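The chain contents come next:
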Amino acid sequence: MNPIDLARRLRRDAAFEAAALERGKATLMAAIRQTRAPRPAPAIVPQVPYQDIPAALAFLERAFGFREVPGARFVSPEGELLHATMEFAGGMVGVGGQGHHGAVSPMSGGAESQFISVQVDDVDAHYRRAVAAGARVVTELRDHSWGERTYWALDLEGHRWRFGQPIGGG
Amino acid sequence: MRADWPGLARRLDRGVEDIHVGTREPGPGFGKKEMVNEPSDAAVIGLSMEEPEAFGVIYDRHAAGVLRFLGRRVGAEVAEGLLGELFRIAFERRKTFDASRASALPWLYGIGSNLLLKHRRSEARRLRASARMVAADQAPTRRAGAAALDARMLFPRVADAIQALPDGEREALLLVAWEDFSYQSVAEALELPIGTVRSRINRARVRLRELVEPAGKNRVRTR
């Protein structure tokens, strides 16, 4: 038998979930919207101080799925990155150097004075992603009586984040 | 999610008259070309430079075919995970699409081929499983003697041989053998001169034959 025909005998179709095509389309259209219409900045934007801004940007993207807003960096004349903005769903946070405006990273301050609460579409998937990226979970993922499923994690410098999703189709 | 962008719809309508009406290939393995009275892939991609949502039309046309292609290679679960990623990459690279090609399908498959390189283990696993199934199917034939036994040994060897091919040769071979791609389509997918495609397929053919029939003896008949 000719080698191509032999190889052809091993061709086997997979059986897909009915929603697979719709999910792929949603991914694509979300990516398209992202490039098209930068949302107007929310009225309140928490400014989060870090010792290492580039490391923080990389971590927040890898662990929490935040995306840096293009073209929004402040860079010093010496080329040092001073500030960047990240967005997620409808929200934004500023990522800046610690020490400016009196803000301190928990890494040097030794304490957190606040935490930031984020609503996500799939908190279980988000949790797995965060753990895989090295986020330190401080309150395990679980359901709460008020109808929300949440977990809490510290980022690479110890800022505390809370991720939640309404239980039962949010 | 259906596309409903009034502006886009208007412009695509206009496209029928003055952008470019092309023949659209329904995709490999689906019979002959048909004339369709709608904008070619190239026209839609061109339009998506200004109207990014137009790229959704490319998805609607090709996603099912692309998903089946990925599924044959790495199974349903991995394929479903790659589908949206593949089209997102295509969207981001749409400027690089060669507008002289009417169909975007080979280009999309080429992006898929690149993504599949990161999933070699899933691919190997699926290929081995396929080989076992084909071999098992051979067993209960009437002539269940030597031929069936040979086949049981043969198909796992074919699977191993395909896996052992260099990436570029394996990709070209499987596009031809599984996707019924012409050499021209393979060349478009892998962005290679057609002569390179031809020599890759030939090398893959030779390697497969050597690996399957090591000493040129022990010739296997499967029919």
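Bear in mind that the values here come from a model prediction, so they are computed numbers and not experimental data. (Residues numbered from 1 in each chain as written. Chains lettered and ligands numbered in written order. Predicted model: local features only at pLDDT ≥ 70, side-chain atom pairs only at ≥ 80, totals over all residues. Heavy atoms only, no water.)

Caption draft 1: Representation of the overall build of chain A in the model. Looking only at helices and strands, chain A has 5 helices and 9 strands in total. Counting across all 170 residues of chain A, residues that qualify as buried make up 39%. For chain A, contacts bridging at least 24 residues in sequence account for 55% of all contacts bridging at least 6. Total accessible area computed for chain A in this model is approximately 9,400 Å², and 53% of it derives from carbon and sulfur atoms. (Helix = DSSP H or I, 4+ residues; strand = E, 2+ residues; numbered from the N terminus. Buried < 20%, exposed > 50% of the residue type's maximum accessible area, 1.4 Å probe, protein only. Contact = heavy atoms within 4.5 Å. Areas by Shrake-Rupley, 256 points an atom, 1.4 Å probe, with all protein chains shown as cover.)

Caption draft 2: Highlighting helix H4 (residues 76-92) of chain B. Residues and elements named next belong to chain B. Relative to the 24 Å expected for 17 residues at 1.5 Å per residue, H4 spans 25 Å between its end C-alpha atoms, a close match to the ideal helical length. The sharpest bend along H4 comes to roughly 30 degrees, located at Leu82. The buried fraction of H4 is high, at 12 of 17 residues. Where H4 is concerned, the buried positions are Ala76, Ala79, Glu80, Leu82, Leu83, Gly84, Leu86, Phe87, Arg88, Ile89, Ala90 and Phe91. (Expected span 1.5 Å × (residues − 1). Bend = angle between axes of the 7 residues up to and from the residue.)

Caption draft 3: Up close: the interface of chain A and chain B. The partner chain B presents 51 residues to the 30 residues of chain A that form the contact. Roughly 3,600 Å² is buried in total at the junction of chain A and chain B, and carbon and sulfur atoms are behind 65% of that figure. Run the count over chain A and chain B and you get 4 salt bridges. For B:Glu80, the salt bridge identified is with A:Arg23, shortest N-O distance 3.2 Å. (Buried area = accessible area lost by both parts, 1.4 Å probe. Salt bridge = Lys/Arg side-chain N within 4 Å of Asp/Glu carboxyl O.)

Caption draft 4: Highlighting the packing of helix H2 (residues 41-48) of chain B against helix H3 (residues 55-74) of chain B. Residue and element names in this part refer to chain B. Relative to each other, H2 and H3 sit at 150 degrees, their axes nearing to 8 Å. One element, H2, and the other, H3, form an angle in the roughly antiparallel class. From H2, Asp41, Val44, Ile45 and Ser48 reach across to H3, where they touch Phe55, Val57, Ile58, Arg61 and His62. Residue composition of the contact of H2 with H3, grouped by class: 5 nonpolar, 2 polar and 2 charged. (Axes fitted to C-alpha atoms, helices over the stretch in contact; angles between N-to-C directions. Parallel < 35°, antiparallel > 145°, perpendicular 65-115°, else oblique. Nonpolar A, V, L, I, M, F, W, Y, C, P; charged D, E, K, R; others polar.)

Caption draft 5: Structural detail: unusual backbone geometry. For A:Ala89, which is not a glycine, the phi torsion comes out positive at approximately 50 degrees. Mapped onto the secondary structure, A:Ala89 falls in the loop between strand S4 (81-88) and strand S5 (91-97). For B:Asp180, which is not a glycine, the phi torsion comes out positive at approximately 55 degrees. By the element assignment, B:Asp180 lies in the loop between helix H8 (167-177) and helix H9 (183-190).

Caption draft 6: A look at the nonpolar core. Formed by 68 residues in total, the largest nonpolar core has its most connected members in A:Leu10, B:Phe55, B:Phe87, B:Trp107, B:Leu108 and B:Ile162. No other element matches H3(B), which puts 10 residues into this core. Ignoring any residue separated from it by four or fewer positions in sequence, one finds B:Trp107 in contact with B:Ile45, B:Phe55, B:Ala90, B:Arg93, B:Arg94, B:Thr96, B:Phe97, B:Arg101 and B:Glu191. The next biggest cluster of nonpolar side chains, apart from the first, holds 28 residues, and it includes A:Val48, A:Leu60, A:Phe64 and A:Ala84. (Core = buried A, V, L, I, M, F, W, Y, C linked by side-chain atoms within 4.5 Å.)

Caption draft 7: Geometry of H8(B). For H8(B), the buried fraction is high: 9 of the 11 residues fall into the buried class. Three or more residues of H8(B) are buried, namely B:Glu169, B:Arg170, B:Glu171, B:Ala172, B:Leu173, B:Leu174, B:Leu175, B:Val176 and B:Ala177.

Caption draft 8: Quick peek at the pattern of salt bridges. For the coordinates displayed, the defined rule picks out 26 salt bridges over all chains. Note that A:Arg8 and B:Asp180 form a salt bridge whose closest N and O atoms lie 4.0 Å from each other. Taken as a pair, A:Arg8 in helix H1 (residues 3-9) and B:Asp180 in the loop between H8 and H9 lie in two separate chains rather than in one. By relative accessible area, B:Asp180 is classed as partly exposed at 43%. A salt bridge links B:Arg61 to B:Glu38; the nearest nitrogen and oxygen atoms lie 2.9 Å apart.

Caption draft 9: Looking closely at the sheet that holds strand S6 (residues 115-119) of chain A. All names here are of chain A. Read across the open sheet, the 4 strands follow the order S6-S9-S8-S7; overall the sheet is mixed. Each edge of the sheet is formed by a strand with only one pairing partner; in this case those strands are S6 and strand S7 (136-144). Averaged over all adjacent pairs, the angle separating strand axes in this sheet is 15 degrees, with direction ignored. The pairing of strand S8 (residues 148-154) with strand S9 (residues 160-166) spans 7 bridges and is antiparallel. Of the residues in S9, the one forming a bridge with Thr150 is Gly164. (Pairing = 2+ DSSP bridges.)

Caption draft 10: Examining a positive patch on the surface more closely. A cluster of basic residues, B:Arg121, B:Arg125, B:Arg128 and B:Arg132, forms a positive patch at the surface. Within the secondary structure, B:Arg125 is located in helix H6 (residues 120-138). (Patch = residues over 30% accessible without salt bridge, like charges linked within 9 Å, V, L, I, M, F, W, Y side chains within 5 Å. Lys, Arg positive; Asp, Glu negative; His and termini not counted. Charge placed at Lys NZ, Arg CZ, Asp CG, Glu CD.)

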